[in-house]
Amino acid sequence: MAFFTCIIQKMGNLVHKLLTMGLEHKKILIAVTGGIAAYKINFLIRDFIKKGAEVQVIMTPSALNFASALTFSTLSKNPVFSDFYGVNGTWNNHVELALWADVMIVAPCTANTLAKMVHGQCDNLVIATFLSAKCPVFIAPAMDLDMYAHPSTRQNLEMAEDYGHFIIPAEEGELASGLVGQGRMAEPGTIVKEVEDYLDSGKQSRNFAGKTILITAGPTFEAIDPVRYIGNHSSGKMGFALAEEAAKRGARVILISGPSSLQTQNKNIELHRVTSAKEMFEEVFRYYEGVDVAIASAAVADYAPKDVALEKIKKNEDNLTIELVKNPDILGTMGERKTRQFLVGFALETQNEEVNAKSKLEKKNLDMIVLNSLRDEGAGFQKDTNRIKILTADAMEEFELKSKEAVAQDILDFVEKKTLK
Ligand code: CTP
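Residues numbered from 1 in each chain as written. Predicted model: local features only at pLDDT ≥ 70, side-chain atom pairs only at ≥ 80, totals over all residues. Heavy atoms only, no water.

1. Notes on the nonpolar core
Counting residues in hydrophobic clusters, the biggest one holds 33 residues, and the most contacted among them are I28, I30 and F48. If you list the elements that add at least two residues to this core, you get β1 (27-32), α2 (41-50), β2 (54-59), β4 (103-109), β5 (137-141) and α9 (188-201). Those residues in contact with F48, other than ones at most four positions away along the chain, are L23, I28, I30, A53, V55, I105, V192 and V195. One finds M238, A241, V253 and I269 within the second-largest nonpolar core, a separate group that totals 31 residues. (Core = buried A, V, L, I, M, F, W, Y, C linked by side-chain atoms within 4.5 Å. Buried < 20%, exposed > 50% of the residue type's maximum accessible area, 1.4 Å probe, protein only. Helix = DSSP H or I, 4+ residues; strand = E, 2+ residues; numbered from the N terminus. Contact = heavy atoms within 4.5 Å.)

2. What to know about the site of the ligand
Close to the ligand lie A296, A298, V300, D302, P328, D329, I330, L331, G345, F346, K360 and K364. Between F346 and the ligand, the recorded distance is 2.8 Å, taken from a backbone N or O atom to an oxygen atom. Note that an oxygen atom of the ligand is positioned 2.8 Å from one of the side-chain N or O atoms of K364. Surface burial for the ligand is 76%, taken as the share of its 560 Å² of free accessible area covered by protein chains. Sorting the residues of the shell around the ligand by element identifies α12 (330-336) and β17 (342-349) as the ones contributing at least two each. Looking at the shell around the ligand, its residues break down into seven nonpolar, one polar and four charged. (Near = heavy atom within 4 Å. Polar contact = N/O pair within 3.5 Å; in protein donor to acceptor, adjacent residues only side chain to side chain. Areas by Shrake-Rupley, 256 points an atom, 1.4 Å probe, with all protein chains shown as cover. Nonpolar A, V, L, I, M, F, W, Y, C, P; charged D, E, K, R; others polar.)

3. Some remarks on helix α8 (residues 151-162)
When the terminal C-alpha atoms of α8 are compared, their 16 Å separation across twelve residues agrees well with the 16 Å that a helix rising 1.5 Å per residue should span. Of the residues making up α8, those classed as buried are T153, N156, L157, A160 and E161. Taken end-on, α8 shows its buried residues confined to a sector of 140°, consistent with a single buried face. α8 presents P151 and E158 as exposed residues on the side facing more than 90 degrees away from its buried surface. In this fold, the buried residues of α8 make contact with α5 (111-119), β5, α7 (145-149) and β6 (166-167). (Expected span 1.5 Å × (residues − 1). Arc of directions from axis to C-beta.)

4. A short note on unusual backbone geometry
A cis amide bond links A107 with the next residue in sequence, P108, at an omega value of -15°. By the element assignment, P108 lies in strand β4. The phi angle at H25 is positive, at roughly 65°, despite the residue not being glycine. Position of H25 relative to the elements: it lies in the loop between α1 (2-19) and β1.

5. With respect to the confidence of the model for the chain
Here the chain averages 90 in pLDDT, while 92% of its residues score no lower than 70. Low pLDDT, under 50, characterises residues 12-20; the stretch is placed with three contacts to residues that sit more than four places away or in other chains. (pLDDT = per-residue confidence, 0-100.)

6. Details of the side chain of N327
Tracing the sequence through the fold places N327 in the loop between β16 (324-326) and α12. On the accessibility criterion, N327 (9% relative accessible area) is buried. At 3.4 Å, the side chain of N327 forms a polar contact with the side chain of E222. Once you skip the residues sitting within four places of it in the chain, N327 turns out to touch E222, A277, A301, D302, Y303 and A304.

7. As for the sheet that holds strand β13 (residues 269-273)
Pairing is mixed in the open sheet, where eight strands are placed in the order β13-β12-β9-β14-β17-β18-β20-β21. Each edge of the open sheet is held by one strand with a lone partner, namely β13 and β21 (396-398). For this sheet, the mean inter-axis angle between neighbouring strands, taken without regard to orientation, is 15°. One ladder, built from four bridges, connects strand β18 (residues 368-373) with strand β20 (residues 388-391); its direction is antiparallel. Bridged to I369 within β20 is L391. Relative to strand β12 (residues 252-257), helix α11 (residues 277-287) is tilted by about 165°, and along the sheet it contacts β9 (212-217), β12 and β13. (Pairing = 2+ DSSP bridges. Axes fitted to C-alpha atoms, helices over the stretch in contact; angles between N-to-C directions.)

8. What to know about the pattern of salt bridges
Summed over all chains, the structure comprises 20 salt bridges. E416 is the partner of R249 in a salt bridge, and the nearest nitrogen-oxygen pair spans 2.9 Å. Residue R249 is located in the loop between α10 (237-248) and β12, and its partner E416 is located in helix α14 (residues 404-419); the two are separated by 167 residues in the primary sequence. Neither residue differs from the other here; R249 and E416 are each classed as buried. For R252, the salt bridge is made with E270, and the minimal N-O distance between the two is 2.6 Å. With R252 in strand β12 and E270 in strand β13, this residue pair connects regions lying 18 residues apart in the sequence. According to the relative accessible area criterion, R252 is partly exposed, its value standing at 39%. In this structure, a network of salt bridges that share partners links the residues E245, R249, D413 and E416. (Salt bridge = Lys/Arg side-chain N within 4 Å of Asp/Glu carboxyl O.)

9. With respect to the domain arrangement of the chain
Think of interface size as the accessible area that goes away when the parts come together; that is how it is often given. Per the domain assignment, the segments making up the chain are domain 1 (20-201) and domain 2 (212-419). The C-alpha-based centres of domain 1 and domain 2 are spaced at 39 Å. With five residues of domain 1 at the interface, the matching set in domain 2 holds four residues. Both sides together, the interface formed by domain 1 and domain 2 hides about 320 Å², and carbon and sulfur atoms give 50% of it. Summed over the shared surface of domain 1 and domain 2, the number is one residue pair in polar contact (both at pLDDT 80 or more). (Domains from an automatic or database assignment. Buried area = accessible area lost by both parts, 1.4 Å probe.)

10. Thoughts on the pairing of strand β7 (residues 171-174)
Along any regular strand the residues' side chains alternate between the sheet's two faces. Judged from the four bridges that link them, β7 and strand β8 (residues 180-184) form a sheet pairing that is antiparallel. Bridging from a neighbouring strand, E174 pairs with V180 of β8. The antiparallel hairpin formed by β7 and β8 contains five residues in its connecting segment, where G178 sits at a positive phi of about 95°.

11. Observations concerning the packing of aromatic side chains
On inspection of all chains with the given rule, the structure shows six aromatic pairs. Summarising the aromatic geometry, the rings of F221 and Y229 are spaced 3.8 Å apart at their centres and angled 10° between planes, so their arrangement reads as stacked. Look at F221 and you get buried, because its relative accessible area is 19%. Taken together, the aromatic side chains of F138, F166 and Y198 make up a single cluster linked through ring pairs. Above the ring of Y148, the side-chain terminus of R154 is found at 4.7 Å from the ring centroid. In this structure, K417 packs its charged tip against the face of F414, placed 4.8 Å from the ring centre. (Phe/Tyr/Trp six-rings, centres within 6.5 Å; stacked < 30°, edge-to-face > 60°. Lys NZ or Arg CZ within 6 Å of the ring centre and 35° of its normal.)

The structure is reproduced here in structure tokens:
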């Protein structure tokens, strides 16, 4: 009997989980401010409702000049508020609205509203609701390109991010002024996807807000001649997954990658592409001093040809000998120059794995090392999965075979535990 009760309970939990996945039954509060992109909010409401969300809309007084409260109300099937008081002296309770929401989205967010939000200048219902909100807040700025590029707007966006809000960057294109550049509000589809991804990720901490994390990724290629190189099969997947996850948690990410076909659209990831170990070394130490956490996931070639032939080497001889010299140890040097950085290395071992990883941890002055073994099927270069152990000076934790995205979460959970008190 107890067995069946347990099964039924588990099924109930699963059904509940499925029902509450993504946007289903989520309460979305959209705050519309006075920009031409306000007309796109019709589509935003429609898209959220299509996905099963419940939507309420509030507007600033100037938004009323650009869009119709009646349309928003009809689409959302809820009243739309733009003032603290309704007809007959009723109070539009901004605190209740703020607490109702699972997610608040300010879209389009003008330069004026953005400035008021970060400085707490509470002169309308939208700002009062925003200041009362305990839920995650997404901001989709929209303005003319020069306003968007202005240092004060940039600073306000950074401040909003430092407060833990999510910025959905403006897109490039033709603007209401007729100029072309970055400033258009992100498309409704993009906004819905950002919110959906956030709700699906299950990892909703912004614990790295205000922190800078440097990550090395991918292989390095060491030139032999103008057309050949020594390299390895690293795809960069682990490093890029770490970068995405760190950015999701609010960090400014400096991603220094060797040759990799991977891309990132994340505006919190500064991607620097390099080719050789020497270039990676130089790029790393342009930033290292100012970072809080450094994670070396790159598969750096240990050796490089001593001399690079200026012309393509012809196959005139039966044997070819290339003299190799040791590359700089980037992670080792980070360990030597460590001041306040939390330093994470990777170890790929085929024998005496834990002992070797532990000795690398000490030798390179690391705070933590991620061990992956080539003996594990599904782990390693070019794979989408990885199986790791994390070692510190006094602890070890073992993880299951997981996607590299899930591994990135485990690694950053560990870093969070160790660095954030
Ligand atoms: N690493 C680095 N620079 C190098 C070599 C390695 O930054 N020139 C980093 C890697 O990114 C990884 C860690 O050092 O985080 C371990 O690399 P690995 O090649 O396994 O270790 P080595 O110290 O080179 O030792 P060995 O190859 O002898 O195992």
